[in-house]
Structure formats: structure tokens, C-alpha cells
Amino acid sequence: MRHDLKHLEPPIETIAELRELYRAAESRAARMRLLSQTGQDLARADVTTIADALDRSGERLAFFVGARAAHISLDADGPGIAIPGPGARSEPVGRLVIDTLPSFDSIPDPEDRDAVRLHLELMGATIDRIARERERARLLAALREREQRLAVLVGRMF
């Protein structure tokens, strides 16, 4: 029965081809590990831990592209690679600066570029989520203060 399936398998002729397939599989595993670890780390981030989570995420990405360090700025303008926010418009919510990576297009491997793009999108979604949580907390605090003032005014009236 195995004999009938041989025509479906692509022939592997040399050890070099096997090594190349192994390297490709290792590269894909590294990309998946990068995205998985970053996704877990960023999903756990909250208002108090976002800076550390972003730093770790930037450092992982720097190591992935062969650099030693990265700097993340929440300024949408300036040097570095844009960190896109969520949504169709994907406006930048920050910048990632890696010395050895002047632009997104300087990553030679298309699969690596896709992994970096996904990594940046995870970072952008987290930055946006935390910004919304901060805004919600600010609005709730303003509402509580307004309710307290209203309670004091109603108390004075009666």
C-alpha cells in the first residue's frame, strides 16, 4: 500500500535539500515562538505593566532580527518603524527603533517580514487597548467626582 503513495511524495535527492528543509522548519518554529510568547505577554499587560511588556516585546523582536536592543516610543511620529493601531486605517500608535533595522522593507525574508508585521500589530493592539483602559478610568473618575459634587449640592438644597 505504501508503494502506491510514492508518486505523491516529492523526491528528496540530497542531504543538502534535507538540511534546507530542516532550516526552514526551524525558522518557522522560531517565528511561531516569537509571536506566541509576545502574544501571551501582551495579553497579560495592564496599565501598570504595559511599559515592561512592550520593552520585552521590543527586545524579542530585536533579537529575532539579529540586533541587541530596541527602543519603543509611544510617539506616532519620529524615527523608527511604525507600530500600527488596530482597525482598517491602522494609524501608528508608536514607533519601534532598532539600530540595525532602518525600515520594515530592509528585512530580506518575506516570512520574517510577515512575522515582524504581525508582532507590530500585536504591540499596536495592546497599546490601543491600554490607552482605551486609561481613558475609561479617567472618565469614570470624572463621573464619580461629578456625582459627589451633585450629592453635596443636593444635600445643601435640602
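You'll find the structure just up there.
Report follows, based on the coordinates.

Criteria and cut-off values
- Residues numbered from 1 in each chain as written.
- Predicted model: local features only at pLDDT ≥ 70, side-chain atom pairs only at ≥ 80, totals over all residues.
- Heavy atoms only, no water.
- Helix = DSSP H or I, 4+ residues; strand = E, 2+ residues; numbered from the N terminus.
- Rg over C-alpha atoms; globule rule 2.2 N^0.38 Å.
- Pairing = 2+ DSSP bridges.
- Axes fitted to C-alpha atoms, helices over the stretch in contact; angles between N-to-C directions.
- Core = buried A, V, L, I, M, F, W, Y, C linked by side-chain atoms within 4.5 Å.
- Buried < 20%, exposed > 50% of the residue type's maximum accessible area, 1.4 Å probe, protein only.
- Contact = heavy atoms within 4.5 Å.
- Expected span 1.5 Å × (residues − 1).
- Salt bridge = Lys/Arg side-chain N within 4 Å of Asp/Glu carboxyl O.

Now for the overall build of the chain. Check the secondary structure of the chain and you find four helices and three strands. For the chain, the sequential pattern of α-helices and β-strands runs α-α-α-β-β-β-α. Relative to the compact-globule value of 15 Å for 158 residues, the chain shows a C-alpha radius of gyration of 24 Å, a clear excess of over 25%. In terms of its C-alpha atoms, the chain occupies a principal-axis envelope of roughly 95 × 45 × 25 Å.

Right, let's talk about the sheet that holds strand β2 (residues 81-84) for a bit. To summarise the sheet geometry, strands pair through backbone hydrogen bonds and adopt either a parallel or an antiparallel arrangement. What the three strands build is an open sheet, ordered β1-β3-β2; its pairing is antiparallel. Two strands bound the open sheet, and with one partner strand each, they are β1 (71-73) and β2. Shown here is a sheet whose adjacent strand axes are inclined to one another by a mean of 30 degrees, direction ignored. Pairing analysis gives four bridges linking β2 to strand β3 (residues 92-97), with the strands arranged antiparallel. Residue pairing for β3: A82 is matched across the bridge by R95.

Generally speaking, a soluble globular protein has its nonpolar side chains buried in company with each other. Counting residues in each nonpolar core, the largest one holds 22 residues, and the members touching the most others are L54, I83, L96, L120 and M123. If you list the elements that add at least two residues to this core, you get α2 (15-44), α3 (50-64), β2, β3 and α4 (110-157). Beyond its immediate stretch of four places on either side in the chain, L96 contacts G58, L61, A70, H71, I72, G80, I81, I83 and L120.

A separate point is the environment of M123. Mapped onto the fold, M123 is located in helix α4. Through-space distance from the C-alpha of M123 to that of G94 is 9.1 Å; in sequence the pair is 29 residues apart. The contact partners of M123, leaving out residues within four places of it in the chain, are L42, L54, S57, G58, I72 and I83.

Time to look at the environment of V93. Relative to the helices and strands, V93 is located in strand β3. Here the alpha-carbon distance between V93 and A76, two residues 17 residues apart in the chain, equals 5.1 Å. With near-sequence residues (within four places) excluded, V93 lies in contact with L74, I83, P84, G85, G124 and I127.

Turning our attention to α3. The end-to-end C-alpha distance of α3, which contains 15 residues, comes to 21 Å, matching closely the 21 Å that a straight helix rising 1.5 Å per residue would cover. Turning to α3, its buried residues are I50, A53, L54, S57, G58, L61 and A62. Considering only its buried residues, α3 is in contact with α2, β1, β3 and α4.

Overall, the coordinates contain 13 salt bridges when judged by the stated rule. Two residues, D41 and R60, come together in a salt bridge whose shortest N-O distance is 3.8 Å. Taken together, the positions of D41 in helix α2 and R60 in helix α3 put the pair 19 residues apart, joining distant regions of the chain. Among the residues examined, D41 registers a relative accessible area of 8% and is labelled buried. Among the ionic pairs, R129 bridges to E133, the shortest N-O distance being 3.2 Å. With R129 and E133 both in helix α4 and four residues apart, the pair spans about one turn of that helix.

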